Amino acid sequence: MKGVILDADSLGPGDVSLAPVTELLDRWDVHGFTPADAVEDRIKGAAVVLSNKVSITRDTIARCPELKFISVMATGTNNIDLAAAREANIPVSNAVAYATPSVVQHTLSLMLALSNNLLAYVDDVRRQKWQASKVFCLLDHPIVELGGKTLGIVGYGELGKGVAQVARAFDMQVLLSARPGQQAQGERLALAELLPRVDYLSLHCPLTPQTENLINKKTLATMKPEAFVINTARGGLINSTDLIAALQAGTIAGAALDVVTSEPPAQDELVTNSNLPNLIVTPHNAWGAVESRQRLVAQMQENITAFMSGNPVRVVNPGGRKSAD
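Just so it is clear, the structure is predicted and the values come from calculations on it, not from any experiment. (Residues numbered from 1 in each chain as written. Predicted model: local features only at pLDDT ≥ 70, side-chain atom pairs only at ≥ 80, totals over all residues. Heavy atoms only, no water.)

> In this structure, what is going on with the overall build of the chain? I would like to understand it.
Secondary structure summary: the chain contains 12 helices and 12 strands in total. Projected onto its principal axes, the C-alpha coordinates of the chain cover approximately 70 × 50 × 35 Å. The burial tally for the chain puts 46% of its 325 residues in the buried class. Long-range contacts, defined as pairs at least 24 residues apart, comprise 66% of the intrachain contacts of the chain with a sequence gap of at least 6. With an accessible surface of roughly 15,900 Å², the chain has 52% of that area assigned to carbon and sulfur atoms. Side chains of the chain give 28 positive and 32 negative charges; the mean places of these two sets differ by 3 Å. (Helix = DSSP H or I, 4+ residues; strand = E, 2+ residues; numbered from the N terminus. Buried < 20%, exposed > 50% of the residue type's maximum accessible area, 1.4 Å probe, protein only. Contact = heavy atoms within 4.5 Å. Areas by Shrake-Rupley, 256 points an atom, 1.4 Å probe, with all protein chains shown as cover. Lys, Arg positive; Asp, Glu negative; His and termini not counted. Charge placed at Lys NZ, Arg CZ, Asp CG, Glu CD.)

Next comes the structure, spelled out in structure tokens:
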């Protein structure tokens, strides 16, 4: 049985072992990256395909009759035509909760960097400002403590709960938003009620028609001028033009983004070219701790092994049940 990995480079520079996966089948073709026009040729003849972000379309599925199983090397599966796979009786599995510690750690690191004005102080040292100081320290940029502040979380699943747990250890109050488009109930506040109360807003919800541009000129205007926005979820949750305008105007104090609308960003991407001192942008690597990436490989191993035994796990398109032989 032949397997194909379409974009192995998305797992990093070779610091994680693919052996748990590549030891499972007779043959593997491992590609660092696969352009759209090469997907079909590379999949042909393969029974098992692994992809992180490379798209597998309805047409490709129709023209690759040997394909029996797809395992997505991520939680999101929008790059796979799930309906077409189900119609072809091809189960599609994904990865779940493998990167929670890494994303939580990254989210808090962004919150701390904003609170401590970390990048500004690092830059001051590089520019010899500390060395030229008449006193022992520099306090040219505001520093605030997390303790006693209020964190608002939009999206209280695996990641949101992890961030909340660590935030409470910093003595922060945590407020939860109701799902956008749904009424507030219980401890969940309507977003319009939550935003004016928070010092930090952290996004952990999926990108849907209801959440696209959730943070925009109108919602930003309701926040405190000392508030910070952190997004490690999906770039489309925030209207980039409105965010830049709010940062420039002092509507909010700062923002930190690990995601943008289109990735990798275009050369003229607004947020990566803004050069604002109160904006931190990291390259969608919140999930990328080496331990998390190795757990991802382990889940791919589990997915393939379960499929070959006839009992696929983490299936995201129920109904796809093509046998392994």
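> Please explain the pattern of salt bridges as it appears in this structure.
Once the charged atoms of two side chains with opposite charge are near each other, the side chains can pair. Taken as a whole, this structure holds 13 salt bridges when the rule is applied. The shortest N-O distance in the salt bridge between Glu40 and Lys44 comes to 3.5 Å. A relative accessible area of 16% means that Glu40 is categorised as buried. Among the residues examined, Lys44 registers a relative accessible area of 39% and is labelled partly exposed. Where Asp81 meets Arg58, a salt bridge forms, and the shortest distance between an N and an O atom there is 3.8 Å. Taken together, the positions of Asp81 in the loop between β4 (69–72) and α4 (82–87) and Arg58 in helix α3 (residues 58–62) put the pair 23 residues apart, joining distant regions of the chain. (Salt bridge = Lys/Arg side-chain N within 4 Å of Asp/Glu carboxyl O.)

> When you look at the environment of Ala8 in this model, what are you seeing that I'm missing?
Along the chain, Ala8 falls in the loop between β1 (2–5) and α1 (19–22). It is 38 Å that separates the C-alpha atoms of Ala8 and Ala253, two residues lying 245 residues apart in sequence.

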